[in-house]
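# Observations on the three-dimensional arrangement
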Amino acid sequence: MQYVSTRGSAPTLDFAGVTLAGLASDGGLYVPEHWPSFTTDEIAAMRGLPYAELAARVMQPFVGDCLTPERLRALCEEAYGRFSHKAVTPLVQLDERQWLLELFHGPTLAFKDVALQLLGLLFEEFLERDNARLTIVGATSGDTGSAAIDAVAGRERAEIFMLHPAGRVSDVQRRQMTTVLAPNVHNIAIDGSFDDAQAMVKRIFADDTVTAKHRIGAVNSINWARLMAQVVYYFAAALPLGAPQRKTAFSVPTGNFGDVFAGYVASQMGLPIERLIVATNVNDILHRALSDGDYSAGAVTATAAPSMDIQVSSNFERLLFAAGGRDGAAMAQQMRGFEADKVMQLTNAQRDGMAALFTSARADDADMAHAMRWAQENCCQILDPHTAIGLHAALASDVPPDVPVVTLATAHPAKFPDAVERATGARPALPARIGDLFAREERFTALDGGYDAVRAYILGHAS
Ligand SMILES: *Cc1c(COP(=O)(O)O)cnc(C)c1O
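Residue numbers restart at each chain and count upward from 1, following the sequence in its written direction. Only residues with pLDDT of at least 70 are given local features in this predicted model, and only at 80 or more are side-chain atom pairs given and counted; all residues enter the totals for whole chains, interfaces and linings. Water and hydrogen atoms play no part in the side-chain values, which are based on all heavy atoms of the structure.

We apply this condition: UniProt positions are given in the numbering used here, feature names are shortened, and annotations may be inferred rather than shown by experiment.
Within an unreviewed UniProt entry, the label attached to the chain reads Threonine synthase, and the organism entered is Qipengyuania marisflavi. Looking at the Cofactor (unreviewed entry) heading of the UniProt record, one finds this comment for the chain: "pyridoxal 5'-phosphate". UniProt, in its Catalytic activity (unreviewed entry) section for the chain, records the words "O-phospho-L-homoserine + H2O = L-threonine + phosphate".

### Regarding the sheet that holds strand S14 (residues 405–409)
Let me state the cut-off plainly: Note: two strands are recorded as paired if DSSP finds a minimum of 2 bridges between them. Note on conventions: DSSP H or I runs of at least 4 residues are helices, E runs of at least 2 residues are strands, and numbering of each starts at the N terminus. A fitted line through C-alpha atoms represents every axis, and for helices the fit uses only the stretch in contact; the resulting angles, taken between N-to-C directions, go from 0 to 180 degrees. Here a residue-residue contact requires only that any non-hydrogen atoms of the pair lie within 4.5 Å.
With mixed pairing, six strands are arranged side by side in an open sheet as S3-S4-S14-S9-S10-S13. Taken across any chain shown, the strands that pair with only one partner, and hence form the sheet edges, are strand S3 (91–93) and strand S13 (358–362). Averaged over all adjacent pairs, the angle separating strand axes in this sheet is 25°, with direction ignored. The strands that helix H11 (residues 258–268) touches are strand S9 (248–253), strand S10 (273–280), S13 and S14; relative to S10, the one it contacts most, it runs at about 170°.

### A closer look at the sheet that holds strand S6 (residues 158–165)
Hydrogen bonds between backbone atoms are what pair the strands of a sheet, whose relative direction is either parallel or antiparallel. Across the sheet, five strands lie side by side as S8-S5-S6-S7-S15; this open sheet has parallel pairing. Looking along the sheet, the strands with just one partner apiece sit at the ends: strand S8 (216–217) and strand S15 (445–447). Summarising the sheet, S6 and strand S7 (residues 185–190) pair through six bridges and their orientation is parallel. Each bridged residue has a counterpart across the sheet, and for Phe161 the counterpart in S7 is His186. Sitting on the sheet, helix H8 (residues 194–205) is in contact with strand S5 (134–139), S6, S7 and S8, with an inclination near 155° to S5.

### A few points about the packing of H8 against helix H19 (residues 450–461)
Selection criterion: Under this scheme an angle from 65 to 115 degrees is roughly perpendicular, one under 35 degrees roughly parallel, and one over 145 degrees roughly antiparallel; angles in between are oblique. Handedness of a helix crossing follows the sense of rotation of the near helix relative to the far helix, less than a right angle counterclockwise being left-handed and clockwise being right-handed. Throughout this entry, Asp, Glu, Lys and Arg are counted as charged residues, while Ala, Val, Leu, Ile, Met, Phe, Trp, Tyr, Cys and Pro are counted as nonpolar. The remaining residues, Gly among them, count as polar.
In contact at an axis separation of 10 Å, H8 and H19 are set at 55° when each is read in the N-to-C sense. Our classification of the angle between H8 and H19 gives oblique. Handedness of the crossing formed by H8 with H19: right-handed. Along its contact with H8, which presents Met200, Arg203 and Ile204, the element H19 presents Gly450, Tyr451, Val454, Arg455 and Ile458. Classifying every residue of the contact of H8 with H19 gives five nonpolar, one polar and two charged.

### Digging into the pairing of strand S4 (residues 98–102)
Short version of the rule: Relative accessibility under 20% of the residue-type maximum defines a buried residue, over 50% an exposed one, and the middle range a partly exposed one, all with a 1.4 Å probe and only protein chains included.
The element S4 is extensively covered by neighbouring structure, given that five of its five residues are classed as buried. Connecting the antiparallel pair S3 and S4 is a turn made up of four residues. Sheet analysis places S4 next to S14, joined by five bridges and oriented parallel. Within S14, the residue paired with Gln98 across the bridge is Val405.

### Quick notes on the site of the ligand
For clarity, the threshold we go by: Any residue with a heavy atom positioned within 4 Å of a molecule or strand is treated as near that molecule or strand. Counting of polar contacts relies on pairs of N or O atoms within 3.5 Å, with two restrictions inside protein: one atom must be capable of donating a hydrogen and the other of accepting it, and residues adjacent in sequence are counted only when both atoms are side-chain atoms. Accessible surface is estimated by sampling points in the Shrake-Rupley manner with a 1.4 Å probe; for residues, cover comes only from the protein chains shown.
In the vicinity of the ligand, 15 residues are found, and the nearest of them are Lys112, Asp143, Gly255, Asn256 and Asp259. Between the ligand and Lys112 there is a distance of 2.6 Å, counted from an oxygen atom to a side-chain nitrogen or oxygen. Between an oxygen atom of the ligand and a main-chain N or O atom of Asp259, the distance comes to 2.9 Å. Protein chains shield 98% of the accessible area of the ligand, which is 390 Å² for the free molecule. The class makeup of the residues in the shell around the ligand is five nonpolar, seven polar and three charged.

### A word on the UniProt feature "modified residue: N6-(pyridoxal phosphate)lysine" (unreviewed entry) in the chain
Under the feature "modified residue: N6-(pyridoxal phosphate)lysine" (unreviewed entry), the UniProt entry names Lys112. By the secondary structure assignment, Lys112 is in helix H5 (residues 112–130). Look past the residues within four positions of Lys112 in its chain and what remains in contact with it is Asp143, Thr144, Ala147 and Arg226.

### Examining the packing of helix H10 (residues 224–238) against H11
To describe two helices that pack against each other, one gives the angle between their axes and the distance between the axes. Two elements in contact, H10 and H11, have axes separated by 8 Å at closest approach and are oriented at 65°. Once H10 is placed against H11, the crossing between them reads as right-handed. Residues Trp224, Leu227, Gln230, Val231, Tyr233, Tyr234 and Phe235 of H10 form the contact with H11, whose participating residues are Gly258, Asp259, Val260, Phe261, Ala262, Gly263, Val265 and Ala266. Here the contact of H10 with H11 is composed, by residue class, of 11 nonpolar, three polar and one charged.

### Focus on the packing of aromatic side chains
Filter applied, for reference: Here a Phe, Tyr or Trp ring, Trp counted by its six-membered ring, pairs with any other such ring whose centre lies within 6.5 Å, and the pair is stacked when the planes are under 30 degrees apart, edge-to-face when over 60, and tilted otherwise.
One pass over the structure, following the stated rule, counts 18 aromatic pairs. On the numbers, 6.0 Å between centres and 80° between planes, the contact of Phe15 with Phe126 is edge-to-face. Within this pair, whereas Phe15 is found in helix H1 (residues 15–21), its partner Phe126 is found in helix H5, the two being separated by 111 residues in sequence. Phe15 sits in the buried class, given a relative accessible area of 0%.

Okay, here's the thing in structure tokens:
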């Protein structure tokens, strides 16, 4: 499988190349040059497979000949063997048609582990093959940071610089990053929002002085391998609910549009998906884009669901490219306009290309709290704020009544104990394996000098 940039002018890469590359050199994002697809019989034959085996089957077409099927399967077994639930991503039934897909049984309690545990192993595999080293630079709205750090800490060929917006992640989220004291881990708190941090990371990728000295890698969902690993759990959920004969709808709490883009990929591969419901908080650029074609960034508002406090959704570019006719030159022009003005109107082709599959909904803090209480009172389930936003959208959607609706449960409620307690009165306890988090020593560097300070820090500390 070869990969092309959404902006049309970066070199084509194979799977190992995109895994180590991150952002394309033309500022675009890598996507497979075509969507592989499975027949109905091939999908039916996936029923009942253990998660690691299912993962290897779904991902093999994207990996191509960069890994043998046996090696891919072994890496999946190692990555998913670290999850605390045997099913890896278990389904939980809420009522006759509403379901939760629990994606938070990995080491850092959010869905990011599903992709990053594998990505850490893929980095190691491909770096060893090239006898190379990688300097990973990432931005986090809270959960990517800890998941990436867990996947990379102590590894020999990679080091990681992780930027988080100071004061805008929960205490649990911050401590899950800053208490990892391995020498190859560098936590940086920046003065600003997640969008500011993400913009700095994109500048690092385009900074010739930095890239001349270091091979820079990505752990954000601009990295294709992350999205690929997330495609798997759409299959894992839809198969027991009747795929390929019966359709499933998914409600996805969304920030950077990575998780829900993986759902789009699953549908392109032949999985029968009735609808993808894009659930946002009040930072609703995606809701406005999908309902009115208006993709314009406002200021970021801090909410109880900080991992979705995002106004520039990197992966939306992948959907615009794929659904709008795969025109890299036009995409480059459209994105340059957005980067200059922070305003973009979707083309008719892009809107038509999305209309059949996507709907969207926006939840404010009251909607979120209401959904949390609904789950608590009716289903004895304590949800995290992000999952509650997804459930709000699922309950409000007009999906046909015979179609099951699966809300992606993106984080464990104990990552956001204050917000959960405010809404439900119940304070979720940390699982035993990280029960001593608040007793551990923290280490991070606060930088308030903007891009130049971050760049200088990375140049000064990268090995
Ligand atoms: C990252 C994250 C999201 C948003 O996912 P995207 O792929 O960025 O859309 C939602 N919920 C939680 C808990 C997250 O960590």
